[in-house]
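# Residue-level structural notes
Listed below, chain by chain, are the residues.
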Amino acid sequence: MVEYDGELIVCEPKGKNMNNNDKIWRDGHGICHVEGKTKADAFGMMGYAHGKDRGMQIILMRILGQGRASELLDASDEMLGIDTFFRRMNWSGSTDLEIKKLSFETKEIIEAYCMGVNRALEQKTPWECKLLGFKPDPWCPEDTFLISRMIGYLTLAQSQGEMERLFIELVQAGIDKEKLNELFPHILGEADFDLIKKINLQERIVSPTSLWNIAAPLMMASNNWAVSGKKTKSGRPILANDPHLEVNRLPNIWYEIVLKTKDRYAMGGTMPGAPALLVGRNPDLAWSATYTFMDGIDSWIEKCKHGKYLCRRDTWENFTQREEIIKRKKKDPVTIAFYENRHGILEGNPKEDGYYLTTSWAPARSGALTLDSIIKLFDANTVTRGMDLLGRVETSWNFVLADKKDNIGYQMSGLMPKRRKGITGFVPLPGWEEKNDWQGFENPKDLPKCYNPECGYFITSNQNLNEYGKLNPINMGMGPYRSDRIGKLLSQNNEITAVTMQKLHYDVYSTQAEAFMKILRPLIPDTKQGKILKNWGFEYGENSKGAFIFDRFYKALYREVFGKNGFGPKAFDHIDKHSGIFNDFYINFDQILLCEKSLWFGKHTRENLYITAVETALESEPEKWGNTRKVMMNNILFNGKLPKFLGFDRGPITLIGSLATPNQGQIFESAGRQTTFAPSFRMVIDLAKDEIYTNMAGGPSDRRFSKWYCSDLENWLSGKYKTLSVRPKKKYKL
């Protein structure tokens, strides 16, 4: 029981691993607090909180990951494509081996977590399950491993694979080798262009299997940084994080929680389905995460004949065949065969002679070491210990840490394939040459890392960080624009506070625009619209007309260079409108657009291309940037299909910023639907206090009629932060 204003609040649940001495309740922001006698008790109640507040979310994630959406949700052809993708990936496979690798403590915690989820679902099954006509199976450790793998791959690692596929398509479209070397500098290695042209691609950049219209989140970018106490007003380090995920969805992918045992606590952001505090703090240590863009996906070219593949020299071998039966609501089931060899899963039918790709993602059979390491963060008390644990995480992340002893650090994680010298993994190589096989994985101790940098701060924003390690895991990252801006502001301030960090989260200044405007400004005509652009201060605020005009110029310049002079207008428009390629890896394209001469310019000069693009941009009447940045936040199950007055969807909301501002605000169409990338969750931690300052695009609950369904959205929009504390002033029933 918990005392609150003289009223006794009975705290559920009770059951195995949840005894009468355990406590679970909400604070005034709706954030769940749990108090357990042991870590297993606390994580068990985390499972209960996830099941109670996000039961439908994790059930939908599991349905997608298992490839059962056609069976339980919708029997459309589009859904069949999604199921086919997930069955091909087979993330539910080989979980038994991973479970055997778990330490005793981690296994106990995962089992307690699953019991907690199931206790909540037994008490009240989400009504949506009844609407759809099924009863959810109990949550089990295998489901947690599935969620872990999905979080590590969807959109994040997938985007690297899409860029590699784009390269193949460009080769097959006849783009000059010299042009491709400009676009993909230093990573084309031993690319055999003649052989690549023979590949029978089964899936192009935009495919039905790229559509996750329901529960699976799109995840792309983020910022995180830490500042030493030497530069802060409190004298203790301050850490900030704002994962840039899809925000036009409800509920938010993040779930905040405070865990407490008799002598310790941890609090921060979790992703429902796994007993893991992915970003947050304990009494001694704070940690945060962004995506790395490590190249952990490789493809091999397989020569197939009569159902077999060329193995070595003149040796032909059979694929391992796996059949998957996909059940479909009120339709006949579909049986699909997948063919596998040591390189991965074949994209195609080997019984049809030709050249096909096999593809592997390094962490596809991972999970045990990841969960074990993240759970142990509960007890970690120094940056060095945190770096050691997080360096073992099998999926690819940039972790920035800080501790109360005034240390800060950076650690990259991820299984990096060990390839032969000179091979980057970006281009597909002949599978019949044994030298092209992976030789295991690199030692995580050789991955990029940094401890107590001399400047007193460290920033990651998905940029290339290879310089900090013995290895080069990143072939292509995002541009350095966001980290450059954050670094400039941090370097100028030696009295940094939590409020300083909060303001940085909302910064909309673009160093990208500044770089382009140095070239463009002398070429802008002296017209009404031209003067607006000339006088623009490079900020993507809601009322900025200059941002609107520059954005039109930037897109027109892309179309001139990579459309008319490169891919062809139709191919360019298709990639631009139906994928995130130009949004993810814009630095590769920017490097060409900013250079003085390029083969991509054709017979034109850079100045002529800029003039043509700016003339196009100035033709339309400028609007306020915010007028073009409005999106609806749709419920993950109903996806805008219900009348607005029912309240499942919220908005429209206005996203400020651009793809290259610290407050990233991207809106584009991906695989047939509107998507976004923006700071889904903002977190600031000053280690001088036992608190976290946060806001989130959503709320704690996925229940439409809960007061906590969208309770934090107004804070997120207005820049107000709530305080998560170990000792909140108010306590309410869960």
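These notes cover the structure that comes with them. All values reported here derive from a predicted model rather than from experimental measurement.

### Overview of the pattern of salt bridges
Applying the stated criterion across every chain yields a total of 38 salt bridges. Across the pair Glu105 and Lys39 runs a salt bridge whose closest N-O atoms are separated by 3.1 Å. Taken as a pair, Glu105 in helix α5 (residues 104-123) and Lys39 in helix α1 (residues 39-65) lie far apart in primary sequence, 66 residues in all. Here Glu105 falls in the partly exposed class, since its relative accessible area comes to 30%. Exposure remark for Lys39: the relative accessible area of 11% places this residue in the buried category.

### Some thoughts on the environment of Thr497
Locating Thr497 in the fold gives a position in the loop between α12 (481-491) and α13 (498-505). Sequence separation between Thr497 and Leu655 is 158 residues, and the spatial gap between their C-alpha atoms is 25 Å. For Thr497, the residues in contact, after removing those within four places along its chain, are Lys233 and Ile238.

### Notes on a positive patch on the surface
On the surface, Lys52, Lys124, Lys130 and Lys135 cluster together to form a positively charged patch. With respect to the helices and strands, Lys130 occurs in helix α6 (residues 127-132).

### Observations concerning the sheet that holds strand β25 (residues 650-654)
A sheet is described by the order of its strands in space; here three strands give the open sequence β7-β24-β25, paired in mixed fashion. A single partner strand is all that each edge strand has here, and the edge strands are β7 (249-250) and β25. The pairing of β7 with strand β24 (residues 630-635) spans two bridges and is classified as parallel. Counted as the bridge partner of Leu250 is Asn635 from β24.

### As for the sheet that holds strand β19 (residues 397-403)
Strand order in the open sheet formed by nine strands is β3-β4-β8-β9-β10-β11-β19-β20-β22, with mixed pairing between adjacent strands. Only two strands of the sheet have a single neighbouring strand rather than two, namely β3 (23-26) and β22 (449-451). For this sheet, the mean angle separating the axes of adjacent strands, direction not counted, is 25°. Pairing of strand β20 (residues 408-412) with β22 involves three bridges; the strand directions are antiparallel. By the bridge assignment, Tyr410 is partnered in β22 with Cys450. Here α1 sits on the sheet in contact with β3, β4 (32-35), β8 (255-260) and β9 (265-270), set at roughly 155° to β8. Where helix α11 (residues 383-390) meets the sheet, it contacts β11 (285-291), β19, β20 and β22, and its direction lies at approximately 160° from that of β19.

### Remarks on α13
Within α13, burial applies to Ala498, Met501, Gln502, Leu504 and His505. The buried residues of α13 occupy an angular sector of 160° when projected down its axis, which confines them to one face.

### So, the packing of aromatic side chains
Per the counting criterion, the structure on display carries 48 aromatic pairs. Ring geometry for Phe85 versus Tyr153: centroids 6.2 Å apart, planes at 35°, classification tilted. Within this pair, whereas Phe85 is found in helix α3 (residues 77-89), its partner Tyr153 is found in helix α7 (residues 141-172), the two being separated by 68 residues in sequence. Its relative accessible area of 9% is what places Tyr153 among the buried residues. Judged by centre distance (6.1 Å) and plane angle (20°), the ring pair of Trp127 and Phe638 falls under stacked. One end of the pair, Trp127, is in helix α6; the other, Phe638, is in the loop between β24 and β25, with 511 residues separating them in the sequence. Of the residues examined, Phe638 reaches a relative accessible area of 13% and is grouped as buried. In this structure, Lys179 is placed above the aromatic ring of Trp600, and the distance from its NZ or CZ to the ring centre is 5.1 Å. Looking at Arg682, its charged tip hangs above the ring of Tyr506, at a distance of 3.8 Å from the centre.

### A closer look at the pairing of β20
Here β20 lies mainly inside the structure; five of its five residues are buried. Burial of β20 is two-sided: the residues Ile408, Tyr410 and Met412 facing one way and the residues Gly409 and Gln411 facing the other way are all buried. For β19 and β20, the ladder comprises five bridges, and the chain directions are antiparallel. Bridging across to β20, Asn398 finds its partner in Met412. In sequence, β19 turns back onto β20 through a hairpin of four residues, with Asp406 there showing a positive phi of about 70°.

### Re the pairing of strand β6 (residues 238-245)
Along β6, eight of the eight residues are buried, which leaves the element largely enclosed by surrounding structure. Alternating positions in β6 separate into two faces, Ile238, Ala240, Asp242 and His244 on one and Leu239, Asn241, Pro243 and Leu245 on the other, with burial throughout. Examined bridge by bridge, β6 and strand β28 (residues 681-686) share four bridges and lie antiparallel to one another. Within β28, the position partnered with Ile238 by the bridge is Asp686.

About the criteria used
- Residues numbered from 1 in each chain as written.
- Predicted model: local features only at pLDDT ≥ 70, side-chain atom pairs only at ≥ 80, totals over all residues.
- Heavy atoms only, no water.
- Salt bridge = Lys/Arg side-chain N within 4 Å of Asp/Glu carboxyl O.
- Helix = DSSP H or I, 4+ residues; strand = E, 2+ residues; numbered from the N terminus.
- Buried < 20%, exposed > 50% of the residue type's maximum accessible area, 1.4 Å probe, protein only.
- Contact = heavy atoms within 4.5 Å.
- Patch = residues over 30% accessible without salt bridge, like charges linked within 9 Å, V, L, I, M, F, W, Y side chains within 5 Å.
- Areas by Shrake-Rupley, 256 points an atom, 1.4 Å probe, with all protein chains shown as cover.
- Lys, Arg positive; Asp, Glu negative; His and termini not counted.
- Charge placed at Lys NZ, Arg CZ, Asp CG, Glu CD.
- Pairing = 2+ DSSP bridges.
- Axes fitted to C-alpha atoms, helices over the stretch in contact; angles between N-to-C directions.
- Arc of directions from axis to C-beta.
- Phe/Tyr/Trp six-rings, centres within 6.5 Å; stacked < 30°, edge-to-face > 60°.
- Lys NZ or Arg CZ within 6 Å of the ring centre and 35° of its normal.

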